[in-house]
Structure formats: structure tokens, C-alpha cells
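Secondary and tertiary structure notes
The lines below spell out each chain.
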Amino acid sequence: MPISSGFFIALYLVFALVGLFGAARADGYLYAFALMLMAFGVLMGLSVIKRHYDATHPH
């Protein structure tokens with residue numbers, strides 16, 4: 001896995017953690033934003049992993 005992919009996985013993990021901790025302490029619109037931030041971090045991190053897997057295991 002290239003260094004850049006590892007960097008982006010770590011960055012998206014930070015986004016997901018900030019969203020998780022933000023959702024634990026917030027309410028209302030900030031709660032919804034924190035949940036969306038967490039979902040963004042998880043989905044983008046998984047897309048980086050999928051992109052790496054698709055590049056190393058072509059069909």
C-alpha cells in the first residue's frame with residue numbers, strides 16, 4: 001500500500017473519531033453534522049481500502 005493511501009486512511013480515521021466524539025457531546029444540528037462527519041470518514045476510508053484491493057486483485 002502506498003504511503004499516500006496510508007495517510008488518507010489515517011486522515012479519514014481522524015474524521016470518523018472527531019465525528020464520533022462530537023456526536024457524543026452535541027445535540028440538534030451539531031449532532032447531525034457529527035454523525036455525517038463520522039459516516040464520511042468511515043465510507044471514505046473504506047473506499048481507499050477498496051481502491052487498493054481492486055488495483056492489486058484485478059478481475
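Rules used throughout
Each chain carries its own residue numbering, running from 1 in the direction its sequence is written. Reporting in this predicted model follows two pLDDT cut-offs: at least 70 for local features of residues, and 80 or more for side-chain atom pairs to be given and counted; totals over whole chains, interfaces and linings ignore these cut-offs and use all residues. With hydrogens and water set aside, each side-chain value is computed from the structure's full complement of heavy atoms. Put simply, DSSP marks the helices as runs of H or I at least four residues long and the strands as runs of E at least two long, and each gets a number from the N terminus on. In this description the radius of gyration comes from C-alpha coordinates, and the expected globular size is given by 2.2 Å times residues to the power 0.38. Only protein chains enter the calculation, and the probe is 1.4 Å; a residue is then buried if its accessible area is under 20% of its type maximum, exposed if over 50%, and partly exposed in between. Two residues qualify as a contact provided that any one of their heavy atoms is within 4.5 Å of a heavy atom in the partner residue. To be clear on the numbers: accessible area is Shrake-Rupley with a 1.4 Å probe, and residue cover counts the displayed protein chains and nothing else. Side-chain rings of Phe, Tyr and Trp (the six-membered ring for Trp) are treated as a pair once their centres are within 6.5 Å; stacked means planes under 30 degrees apart, edge-to-face means over 60, and tilted covers the remaining angles.

The number of helices and strands found in the protein is 2 helices and 0 strands. Compactness check: the protein gives a C-alpha radius of gyration of 14 Å against a globular reference of 10 Å for 59 residues, more than 25% above the reference. Buried positions account for 17% of the 59 residues belonging to the protein. When contacts within the protein are restricted to residue pairs at least 6 apart in sequence, long-range pairs at least 24 apart make up 53% of them. About 4,600 Å² of surface is accessible on the protein, with carbon and sulfur atoms providing 76% of the total.

Our next topic: the packing of aromatic side chains. Per the counting criterion, the structure on display carries 5 aromatic pairs. A ring pair is formed by Phe7 and Phe8, whose centres lie 5.4 Å apart and whose planes are at 70°; its orientation type is edge-to-face. Between the aromatic rings of Phe15 and Phe40, the centroid separation amounts to 6.0 Å while the plane-to-plane angle is 35°, which identifies the pairing as tilted. Taken together, the residues span a long stretch of sequence, with Phe15 in helix 1 (residues 3-25) and Phe40 in helix 2 (residues 29-56) at a distance of 25 residues. Counting every residue linked through ring pairs, the aromatic cluster contains Phe7, Phe8, Tyr12, Phe15 and Phe40.

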